[in-house]
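A look at the structure
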Amino acid sequence: MSANATATPVLPASLKTNPLLSQWLQFLPDGSVQVKTGKVELGQGILHALKVLAAEELCVSLAQVTLCEADTASGPDEGMTSGSLSIQDSGVAIRHACAHARHLFLQQCAQQQGCAIEELHVLSGVVHKGTQRIAAYADLAPLINWQQAVDIEKTKLPSSAWQWVGHDLERTDVRALVEGEPIFIHDMVLPGMLHARMVRSDALHATLDESSWQAAQILAQQWPSSSTLVRDGGLIGVLAANERDANLHAQQVLQTLRWQAKPLGLNDSSLPQDLQTQTADAQVFHTSGEPTTSAGAGTVDAPQTFSATYFRPFLHHASIGTSCALAQWTSDSTQSTALKVWSHSQGIFALRRDLALSFGLNDTLVQVKHVRGAGCYGHNGADDVAFDAAWLAKHANGRPVRVVWSRRDEMIWSPIAPAMTVRVTAKVDAQHQLLDWQQEVWSQGHSSRPGRAATPALLGSWQTEKPFPALEPINVAAAAGAGAERNSVPPYRASHIQVLANRVLGWPMRTSALRALGAHANVFAAESMMDELAHASNTDPVAYRLSLLDDARARDVLQAVADASQWNALRLQCQSQEGRGVGVAYARYKGKGAYCAVVAQVHVTDVVCVEHLWVAADVGLVVQPDGAKLQLEGGAIQSTSWALKEAAQFDDTSITSNDWERYPILRFSEVPQVHVQLMARSDQPSLGAGEAAQGPTTAAIANAVFHALGVRVHRLPLTPEALTQAINALA
């Protein structure tokens, strides 16, 4: 159905919780418009895209629109900026709000002029009747009741009237980045600000030796009077007048303190098997169709069964910039906010709730303002460092406090992505059509985010003298995209599909959301199996997938990436060159989001080198093509790093991959050439691009390695050791 076709609109999720026009728009006397959002800028360009949508619907210039940074004191609560949902949720809500506002302005003028609304139009925020100027938005705004609910029945502008959607426009934040302007939270300086650092053990679960604490207190007596050592149970931190002293004091205390560590009880080499034997919350996540009745074994029509187990290790977020926050307590009883926090959290309202719980406050006494950080790929340490800053600020006598985590803090104490084991069993008939498909997933939960439990999900709140209970990671509901189960239901035609999910309980690792959640491992497993089935049937991998895809948009994306990469010629070329291979993979993110197909070309010597990636995606209506392409390109490059290099390391008590030497990521010299093609779908609703490429990219690389070597590697990352083990297993 066309986007302009008549249909009953569905109330966007963001409007259900923020129904009033005043929660989205404010028209100022100077003719500018402030547009509010609860979604935050993480480097994905979302504020620019939302600004474009607002300008289009209001018929104003881009210069007239200001997109306000998310703030719990003034903006709508739109939950998390995650799941590639910002354009789908906030974008649609803003379009509805702007369309309604434009209608109210036209209606006001029509009443004044005694004419029909259809006789009026808007140019640059001014209502006209023909060539006659009637009134500007700024003049009309005081006459309108903005405390009314957004009416989603008001007609949005047709795409034929758009000026900027679908075009690449200059982003002011990119210019600021290139020119080195101080736009990040790490650059913030507040009057009277103190600098602070946390001091935590290397061990994830440890008890402080009290005699060493006494030694640390004696040490602190030698510091300048402006420096302070503070403690609450297992929480220890230092405050200082400058960053140099804060770093120095924290290092001195860390070298002085001793902890008694509790063993983790995990073994890296046996993780894939151990995941399958632990206590777990087991469920049938999905079932469809009926199991097929097989012909007798040994007959010509007997089905063939293929089964394999795949593994993805624990992963770090590994942002180049570490987590940072600022906090300030106000003691003046006339102030409406007792605690103000500046944070690069993905969910400022959820963080506000858990900070209020942590410090025994009403939500209204806590304000969290978003400030851009170094970017994130899910639930990193941004919320935890906000708690640290708020806790340390209680010892600062009303002065603001800035806390920056060290690289060591970031790697050890940020939540990490769960290790995952995925077993796929597929049964095919004599024509290699899918009969039965079973996918079983073992993983810890993929969410430990704040705001979802009766007690806080903030690290520091679990470490005080009177701690809140540490929470078990969960998987979000299927309707919200699921967690470990994300993309576990294959997109291909099969007589019977069953997905079994096992949420592993009681493990010592604190896991949470990393970009694409379970989709990365599930697509790697499913698309590796699809490649095995194509190989067994002696069928081209692209042709085999196309034969089992009923969704026309899926088929178009897969065919587009095959055409862009010149698949047939490239495959023949690689077959004639030793160590070179090409692989393909496809997925629709969450089964309802963006369609994405990837072709990878690799050269395998002692290591795997990814030379080219071709990405084709259907993300529906594209607001800014360059931004969407960059999201897909960035996702593909990060997924390449996951596929080739990344795996969190640990010993008996601690995470040991706490620096770049022990947690290598893809270097600039190793980045493949990435070619991105967007399908033209302006008649379809927007779908998020940020996480669509993660699963297909890793799967395509693994399939290309198989094409190059004739060896299937089932365990990530595809290191020389993993390749050797796979080759030896065939010997």
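Quick summary incoming for the structure in this document. Everything numeric in this text was worked out from a predicted model, so none of it was measured. Residue indices follow the written sequence of each chain, beginning from 1 at its first position. Residues qualify for local features only when their pLDDT is at least 70, as the model is predicted, and side-chain atom pairs are given and counted only at 80 or more; totals for whole chains, interfaces and linings, by contrast, use all residues. By convention in this description, side-chain values take in all heavy atoms of the structure and omit both hydrogens and water.

Take unusual backbone geometry next. The omega torsion of the bond from Leu 716 to Pro 717 falls at -5°, within 30 degrees of zero and hence cis. Positive phi outside glycine occurs at Asn 487, with the angle close to 60°. Only runs of H or I of at least four residues qualify as helices and only runs of E of at least two qualify as strands under DSSP, and these elements are numbered from the N terminus. Note on placement: Asn 487 falls in the loop between β19 (434–443) and β20 (496–504). Backbone geometry places Asn 538, a non-glycine residue, at a positive phi of 55°. Looking at where Asn 538 falls in the secondary structure, it is placed in the loop between α12 (519–536) and α13 (541–547).

Now for the packing of α12 against helix α17 (residues 694–709). Interaxial angle, 0 to 180 degrees, is taken between N-to-C directions of lines fitted to C-alpha atoms, where a helix line uses only the stretch in contact. Across the interface, α12 lies against α17 with an axial gap of 8 Å and an inter-helix angle of 35°. Here α12 and α17 pass one another in a crossing that is right-handed. Here Ala 519, His 520, Val 523, Phe 524, Glu 527, Ser 528, Asp 531 and His 535 of α12 come into contact with α17, specifically with Gln 694, Gly 695, Pro 696, Thr 698, Ala 699, Ala 702, Asn 703 and Phe 706. For the contact of α12 with α17, the residue count by class is 7 nonpolar, 7 polar and 2 charged. The handedness criterion is simple: a crossing whose near helix is rotated anticlockwise from the far helix by less than a right angle is left-handed, and one whose near helix is rotated clockwise is right-handed. Residue contacts are defined here by distance: any two heavy atoms, one from each residue, within 4.5 Å place the two residues in contact. Note on residue classes: Ala, Val, Leu, Ile, Met, Phe, Trp, Tyr, Cys and Pro are nonpolar, Asp, Glu, Lys and Arg are charged, and everything else, Gly too, is polar.

This next bit is on the packing of aromatic side chains. Aromatic pairing here means that ring centres of Phe, Tyr or Trp (its six-membered ring) are within 6.5 Å. Orientation follows from the plane angle: under 30 degrees is stacked, over 60 is edge-to-face, and everything else is tilted. Taken as a whole and assessed by the stated rule, the structure comprises 10 aromatic pairs. With a centroid separation of 5.2 Å and 15° between ring planes, the pair formed by Phe 359 and Phe 387 is classed as stacked. Here Phe 387 lies in helix α10 (residues 382–393) and Phe 359 lies in helix α9 (residues 348–359), a separation of 28 residues in the sequence. Phe 387 shares its class with Phe 359; the two are buried. Ring pairing ties together the aromatic residues Phe 27, Phe 105, Tyr 137 and Trp 146, which thus form one cluster. We call a charge positioned above a ring when the Lys NZ or Arg CZ atom is no farther than 6 Å from the ring centre and deviates by at most 35 degrees from the ring normal. Lying across the ring of Trp 213, Arg 231 places its NZ or CZ 5.2 Å from the centre. Lying across the ring of Trp 329, Lys 394 places its NZ or CZ 4.2 Å from the centre. Here the term buried applies to any residue with accessible area under 20% of the maximum for its type, exposed to any over 50%, and partly exposed to those in between, with areas from a 1.4 Å probe on protein chains only.

Looking now at the nonpolar core. Within the largest apolar cluster, 91 residues are counted, with the highest numbers of intra-cluster contacts made by Trp 437 and Leu 533. When residues of this core are assigned to their parent elements, the largest contribution, 10 residues, is made by α12. If we skip the residues at most four places from it in the chain, Trp 437 touches Val 424, Thr 425, Ala 426, Pro 490, His 496, Ile 497, Gln 498, Ala 526, Met 529, Met 530 and Leu 533. Ranked by size, the runner-up nonpolar core spans 55 residues in total, among them Ala 327, Val 401, Trp 405 and Trp 442. What is meant by a nonpolar core is a set of buried Ala, Val, Leu, Ile, Met, Phe, Trp, Tyr and Cys residues, joined one to another through side-chain atoms within 4.5 Å.

What follows concerns the pattern of salt bridges. Salt bridge, as used here, is a side-chain nitrogen of Lys or Arg placed within 4 Å of a carboxyl oxygen of Asp or Glu. Evaluated as defined, the whole model comprises 33 salt bridges. Here Arg 353 makes a salt bridge to Asp 354, at a shortest N to O gap of 3.4 Å. Judged by relative accessible area, Arg 353 falls into the partly exposed class, the value being 27%. Among the charged side chains, a network of salt bridges with common partners joins Glu 527, Asp 531, Glu 532, Arg 545 and Arg 712.

Attention shifts here to a nonpolar patch on the surface. Two joining distances apply to patches: 9 Å for like charges and 5 Å for nonpolar side chains (Val, Leu, Ile, Met, Phe, Trp, Tyr), and every residue must have over 30% relative accessible area and no salt bridge. In short, Shrake-Rupley with a 1.4 Å probe defines the accessible areas, and a residue's cover is counted only from the protein chains shown. A contiguous nonpolar patch, built from Val 174, Leu 177 and Val 178 and spanning about 250 Å² of accessible area, is present on the exposed surface. Its place among the elements puts Val 178 in helix α5 (residues 172–178). Val 178 gets classed as exposed once you look at its relative accessible area, which sits at 68%.

Our next topic: the sheet that holds strand β12 (residues 280–289). Spatially, the 5 strands line up as an open sheet ordered β12-β20-β19-β18-β13, and their pairing is mixed. On the outer flanks of this sheet lie β12 and β13 (304–312), each paired with one strand and no other. With strand direction ignored, the average angle separating the axes of adjacent strands in the sheet is 10°. Sheet contacts for α12: β13, β18 (420–428) and β19; angle to β13, the most-contacted strand, approximately 145°. When DSSP finds two or more bridges between two strands, those strands count as paired.

Distances and angles like these do not, on their own, reveal function.
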